[in-house]
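Chain and residue survey
Each chain is listed here by its residues.
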Amino acid sequence: SMAKKKWKDLTSRQKGVVVATTTIDTGLRTWAGRDLASRTQEEVNGPKWAWGLGLAMVNSVGILPAVYLIWGRKRVSQ
């Protein structure tokens, strides 16, 4: 099994990947959370509360927010 590395044991490149991934994830979570909050249940595919809980609790390295932004929102015809 892989032992967890401490921050000080990571290379500069590994630290950069961790920082970049965390930044992207935080941005996507913020965007998805604000979008979800601005929509009614009728504008969301699936239970709105479940999306909110998932976005708040699941560490998905940006995958869950991207899934919400692509498939969780209903298309609004204008």
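Above this text is the structure in question.
Notes on the structure in this doc start here.

The rules behind the values
Residues numbered from 1 in each chain as written. Predicted model: local features only at pLDDT ≥ 70, side-chain atom pairs only at ≥ 80, totals over all residues. Heavy atoms only, no water. Helix = DSSP H or I, 4+ residues; strand = E, 2+ residues; numbered from the N terminus. Rg over C-alpha atoms; globule rule 2.2 N^0.38 Å. Buried < 20%, exposed > 50% of the residue type's maximum accessible area, 1.4 Å probe, protein only. Core = buried A, V, L, I, M, F, W, Y, C linked by side-chain atoms within 4.5 Å. Contact = heavy atoms within 4.5 Å. Patch = residues over 30% accessible without salt bridge, like charges linked within 9 Å, V, L, I, M, F, W, Y side chains within 5 Å. Areas by Shrake-Rupley, 256 points an atom, 1.4 Å probe, with all protein chains shown as cover. Salt bridge = Lys/Arg side-chain N within 4 Å of Asp/Glu carboxyl O.

The subject of this paragraph is the overall build of the protein. When its secondary structure is counted, the protein shows three helices and zero strands. What you see for the protein is a C-alpha radius of gyration of 16 Å, clearly larger than the 12 Å of a compact globule of 78 residues, by over 25%. Taken along the three principal axes of its C-alpha coordinates, the protein extends 50 × 25 × 15 Å. Taken over 78 residues, the protein has a buried fraction of 26%.

By size, the foremost hydrophobic cluster in this structure holds nine residues: Leu28, Ala32, Leu36, Val44, Trp51, Leu55, Leu64, Tyr68 and Leu69. Those elements giving two or more residues to this core turn out to be α1 (12–38), α2 (48–57) and α3 (63–72). Contacts of Tyr68, omitting those with residues within four sequence positions, involve Ala32, Asp35, Leu36, Arg39, Val44, Trp51 and Arg73.

Right, let's get into a nonpolar patch on the surface. Side chains of Trp49, Leu53, Met57 and Val58 sit close together on the surface and give an oily, nonpolar patch of about 480 Å² of accessible area. If you trace the backbone, Trp49 turns up in helix α2.

In this structure the tally under the stated criterion is three salt bridges. One salt bridge in this structure joins Asp35 and Arg73, with 3.2 Å as the shortest N-O distance. Pair noted here: Asp35 is in helix α1 and Arg73 is in the segment after α3, with a separation of 38 residues, a long-range link. Each of Asp35, Arg39 and Arg73 takes part in a single network of salt bridges with overlapping partners.

The next subject is the environment of Gly62. Assignment of secondary structure puts Gly62 in the loop between α2 and α3. In this structure, the C-alpha to C-alpha distance between Gly62 and Arg39, residues 23 residues apart in sequence, is 20 Å. Setting aside anything within four residues of it in sequence, one finds Gly62 in contact with Asp25 and Leu28.

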